Amino acid sequence: MRGTMQRRLTAGILLLCLCTGCGRARQTGTPVASLGTETIELEEAVFYTRMLQEQWETAYLETYGEKMWQQEPKFGEGEEKPETMEEALKQDVMNTLTEIHLLCAHTEEYDAELTKEEKDFVSRRAEAFMRDNTPAVLEAAGATKETVEQFLLYNEQAAKTAERLKENCKPEISEEEARVGKLTYCLFATTGTFDAEGNQTPFTEEELLKIQKDAEQFAVRAGELKDITAAGAEISHTVIDVYFNDFTDGGAHELVAQTARELKVGDVSGVIEAQEGYYIVQRVSEYDETATRDRIEELEFLAREEYCAQMVAAWREETPLEIITEVWDTVHMDVLLTEP
């Protein structure tokens, strides 16, 4: 949930001087925070808050209910854990504004100014933004075609600077480090059935016993064939391929991956009991060339992302954010922007 919520909207908001490279002179709105010598304005922060509010309500209103903004979030820990969803959203807004601001402040340093073609594309996106959002949301955010275009430009500028920053990172990932093998597993689920609305109907005891028996028979047949995929085709049961090694489960259940590590190549496991059902797994290969190449690319991507995050974190330490609490405290999610 947290990762989803922290995905950046396409309308980042940031007040920058011309010298930062974003190409906008300072406005004279209400200050809500400062970042070094720069000011973040309340009007911009409110715009970003309302855009994010609509996204969160669309995604999580059903989970939290109409009083969602007063509910305790189901994420976060430690001293900085927000007490309400409203507080969590406002933390994300300020964190995002800070990141965008700092990236834009280094635009010239990384030669990341937007081209005319890129600016024209942003202008078309702004027009689409005004068409696609409801009048209620646009009014709550104080959005106009001009301001939306400016905010999108800041976001695009920050994104381009981040990409140039990542280009400075040249990770060296060896094939041995990225080496992955292949496992294939199937699951006999015991969690029940679900209708179109997501309502669950648990299995009966009789049904659960049959599922267990089917899993045991499948394990025996897969072992006889020495091919779990062939067994799945024989009885029309879905099997899933996963690429893994000693350091990554590849998205498989940890019990499945651990069992596969203990098998010899080609061997099929017995039944593995887990909370969601019964697994059977086969260790198909020790090394998969194509998947290893893909893993190298994935690790390089992650290394560049981490490099960028570390640089931004260092800039944040050098230029701490100072929030004007009495101003920021006036922003609330008192009214839902989406229909219950």
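Structural notes, computed from the coordinates. Computed from a predicted structure; not experimentally measured. Note that residues are indexed from 1 along each chain, following the sequence as it is written. Only residues with pLDDT of at least 70 are given local features in this predicted model, and only at 80 or more are side-chain atom pairs given and counted; all residues enter the totals for whole chains, interfaces and linings. To get the side-chain values, take all heavy atoms of the structure and skip hydrogens and water.

Looking at the pattern of salt bridges
A side chain of one charge can pair with a side chain of the opposite charge if their charged atoms are brought near each other.
Thought 1: Any Lys or Arg side-chain nitrogen located within 4 Å of an Asp or Glu carboxyl oxygen qualifies as a salt bridge. Enumeration over the complete set of coordinates arrives at 15 salt bridges.
Thought 2: Put simply, Lys166 and Glu163 hold a salt bridge, and the shortest N to O gap is 3.2 Å. Here Glu163 and Lys166 lie together in helix H6 (residues 145-167), a separation of three residues that amounts to about one turn.
Thought 3: Owing to a relative accessible area of 11%, Lys166 belongs among the buried residues under this scheme.
Thought 4: As a salt-bridge pair, Arg221 and Glu234 come within 2.8 Å of each other at their nearest N and O atoms. Of the two residues, Arg221 is situated in helix H8 (residues 205-225) and Glu234 in helix H9 (residues 228-235); the sequence distance between them amounts to 13 residues.
Thought 5: Judged by relative accessible area, which is 30%, Arg221 ranks as partly exposed.
Thought 6: One network of salt bridges, with partners in common, ties together Glu163, Lys166 and Glu305. A run of H or I in DSSP becomes a helix once it reaches four residues, and a run of E becomes a strand once it reaches two; helices and strands are each numbered from the N terminus. Accessibility here uses a 1.4 Å probe with only protein chains present; expressed as a share of the type maximum, an area under 20% marks a residue as buried, one over 50% as exposed, and anything in between as partly exposed.

Some details on the sheet that holds strand S7 (residues 272-274)
Backbone hydrogen bonds hold the strands of a sheet together, and the pairing may be parallel or antiparallel.
Thought 1: Any two strands are treated as partners once DSSP identifies two or more bridges connecting them. Taken together, four strands build an open sheet; the order of strands is S6-S3-S8-S7 and the sheet is antiparallel. At either margin of the open sheet sits one strand with a lone partner, and together these are strand S6 (240-244) and S7. Taken pair by pair, the neighbouring strands of this sheet meet at an average axis angle of 35°, ignoring direction.
Thought 2: Judged from the three bridges that link them, S7 and strand S8 (residues 277-285) form a sheet pairing that is antiparallel. Bridge assignment links Ile272 to a residue of S8, and that residue is Tyr279.
Thought 3: Here a residue-residue contact requires only that any non-hydrogen atoms of the pair lie within 4.5 Å. Orientation is described by lines fitted to C-alpha atoms, with helices fitted over the stretch in contact, and by angles between N-to-C directions that extend from 0 to 180 degrees. Set on the sheet, helix H10 (residues 254-262) makes contact with strand S3 (181-189), S6, S7 and S8; between it and S8 the angle comes to about 40°.

Focus: the environment of Ile228
Thought 1: Looking at the secondary structure, you find Ile228 in helix H9.
Thought 2: The class of Ile228 is buried, set by a relative accessible area of 0%.
Thought 3: Between the alpha carbons of Ile228 and Lys74 there is a distance of 38 Å; along the sequence they are 154 residues apart.
Thought 4: Those residues in contact with Ile228, other than ones at most four positions away along the chain, are Thr184, Tyr185, Cys186, Phe218, Ala222, Val239, Ile280, Val281 and Gln282.

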